[in-house]
Amino acid sequence: MGNNLLVFFLLFINLYFPINPVLITGIDIIFAFWYCKNTQIAPFLFLIISSFLLLFTSIISFVAADAPEYQVIFKYIRTFISTIAIITIAQKIELSPKPFVRLISIVLCCHLIAIVLQIIHPPLGPIMAPYFNFTRKISFLETIQLRKLGLCGGYDAASMILASSLIFYYLNYIVKKNIVFFILALTSVFLTLFVSRLGMALSTIILFCFSIYSIRKKGAVRATGVALMLVVLFFATNILLPILANTNSLLINISTSSANDISYFTQDYRSTNGSVEALTNEHLIVYKNLDFFQLIFGAGNSSESDIGYIQLLFQVGLTGLFIIIMMHIWATKRTIYAHPINEDMKILQLFCVFYIILLSIFNYKILLLYSRGFYDFYILCFVYYITTQKKLEKRFINNTPLLTERL
């Protein structure tokens with residue numbers, strides 16, 4: 001599979017899951033059957049077995065549940081099938097790392113472009129939302145003046161992709177010294193203003209960490225690091241903290257002397273006042289409703305909590321949560337230990353590691369870990385990285401071309 005357009009299509013649909021999850025899973029299955037010849041299951045057997053165990057655990061919780069939800073059992077059936085299909089597909093991608101990384105860049109940029117277009121033409125948001133997993137009434141979006149979904153069905157999911165874009169583009173800038181990636185990274189941060197407060201806060205912290213790292217480098221990277229530090233300090237003191245203070249999203253009071261009028265950026269956030277308090281109190285203590293059996297194997301439903309880890313407890317219990325965490329730890333260790341052979345593989349390696357860390361943080365706010373789109377996209381990138389690394393090592397030893405050089 002060396003066609004750029006085809007690989008872009010697979011990356012796009014497995015990240016954003018447009019139209020219908022069943023449709024996307026069906027497409028993955030078709031591609032998996034088409035490319036299943038000579039597929040190596042052994043290197044990724046841990047992921048497959050773990051997904052099966054999660055499915056088995058969900059069946060136990062579903063059968064024993066007092067109020068089971070069919071969507072829970074279907075989720076783990078779909079994810080088990082998708083895991084096998086995507087592992088099969090990713091091994092057959094014959095693009096070299098450079099075009100593959102560039103395709104990821106384009107896929108992430110699609111989300112940025114969608115948000116910009118929705119800012120310029122607000123009616124576009126309600127039109128696009130039903131095609132990208134938005135399940136609430138469209139009338140809700142018509143009351144929202146500021147916040148945009150981009151290519152996602154939820155604001156926190158949209159922020160997760162923006163934060164991931166920031167990391168991906170800045171890693172590209174550090175390695176390749178291309179100013180375009182620096183601009184895209186800053187754009188990703190700026191667009192969080194139109195999505196969610198969590199995205200603003202995390203992106204600011206990430207940007208601050210990147211600025212410190214850049215200052216320690218030499219040349220242009222150091223210069224941009226200094227400029228970035230100034231941008232972060234200005235953004236945090238004149239925009240981020242005033243927004244958090246005016247929307248009362250923290251458990252502590254913030255006083256700010258900023259003379260800037262940030263009312264435009266707070267108009268849609270005041271309706272979610274107290275979300276931090278809810279996430280550290282009522283949404284968290286829901287787990288106390290589980291009995292011992294349910295705590296171990298799940299209650300067969302997703303609960304009324306927004307917290308991703310609490311939802312996983314209700315779906316598959318501590319057993320399933322442990323399996324999910326171990327899956328991601330295993331994949332991260334495999335990624336770290338597979339030493340990249342060129343700069344594009346280095347970018348992909350670091351992105352996969354930071355992506356999981358970011359996903360784990362966002363999962364406290366909303367269920368994204370082992371969730372459609374974010375999980376499928378990660379497995380696609382991870383399996384490609386491990387498989388391609390082996391091919392490149394073999395190519396280096398034998399001095400023979402194995403990958404398609406395109407784009």
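Since the structure is predicted, the reported quantities are computational estimates derived from the model, not experimental observations.

Student: Break down the overall build of the protein for me, citing the residues and quoting the values.
Tutor: Tallying secondary structure elements over the protein gives 17 helices and zero strands in all. In the protein, the share of contacts with a sequence separation of at least 24, taken over all contacts with a separation of at least 6, comes to 71%.

Student: Quick rundown of the environment of R222? Include the residues and the values.
Tutor: In this fold, R222 is placed in helix α11 (residues 220–246). Along the primary structure R222 and I212 are separated by ten residues, whereas in three dimensions their C-alpha atoms are 9.1 Å apart.

Student: Lay out the packing of helix α15 (residues 308–337) against helix α16 (residues 343–365) with the relevant residues and their values.
Tutor: Axis separation between α15 and α16 bottoms out at 11 Å; the angle between their running directions is 165°. Comparing their axes, α16 and α15 come out roughly antiparallel. Considering how the two elements wind past one another, α15 and α16 form a crossing that is left-handed. On α16, the residues touching G308, Y309, L312, H328, T332, T335 and I336 of α15 are Q349, C352, V353, I356, S360, N363 and Y364. When grouped by side-chain class, the residues that make up the contact of α15 with α16 number seven nonpolar, seven polar and no charged.

Student: Run through the nonpolar core, naming residues and quoting values.
Tutor: Counting 128 residues, the largest nonpolar core has L11, I104, Y169, L348, Y355 and F382 as its most contacted members. The leading source of residues in this core is helix α8 (residues 155–176), at 15 residues. Ignoring any residue separated from it by four or fewer positions in sequence, one finds I104 in contact with L11, F168, L348, F377 and C381.

Student: Which residues make up the environment of S371, and what are the values?
Tutor: Here S371 lies in the loop between α16 and α17 (374–398). Placed 292 residues apart in sequence, S371 and T79 show a C-alpha to C-alpha distance of 8.2 Å.

Student: Tell me about the packing of α8 against α16, residues and numbers included.
Tutor: Closest axis-to-axis distance for the α8/α16 pair is 9 Å, and the angle between their directions is 155°. In terms of axis orientation, α8 runs roughly antiparallel to α16. Once α8 is placed against α16, the crossing between them reads as right-handed. Taken together, the residues of α16 that come into contact with α8 (itself represented by D156, S159, M160, A163, S164, I167, F168, L171, N172, V175 and K176) are E343, D344, I347, L350, F351, F354, Y355, L358, L359, F362 and K365. Within the contact of α8 with α16, the residues separate by chemical class into 14 nonpolar, three polar and five charged.

Thresholds, definitions, all that
- Residues numbered from 1 in each chain as written.
- Predicted model: local features only at pLDDT ≥ 70, side-chain atom pairs only at ≥ 80, totals over all residues.
- Heavy atoms only, no water.
- Helix = DSSP H or I, 4+ residues; strand = E, 2+ residues; numbered from the N terminus.
- Contact = heavy atoms within 4.5 Å.
- Axes fitted to C-alpha atoms, helices over the stretch in contact; angles between N-to-C directions.
- Parallel < 35°, antiparallel > 145°, perpendicular 65-115°, else oblique.
- Left-handed = near helix turned anticlockwise from the far one by under 90°.
- Nonpolar A, V, L, I, M, F, W, Y, C, P; charged D, E, K, R; others polar.
- Core = buried A, V, L, I, M, F, W, Y, C linked by side-chain atoms within 4.5 Å.
- Buried < 20%, exposed > 50% of the residue type's maximum accessible area, 1.4 Å probe, protein only.

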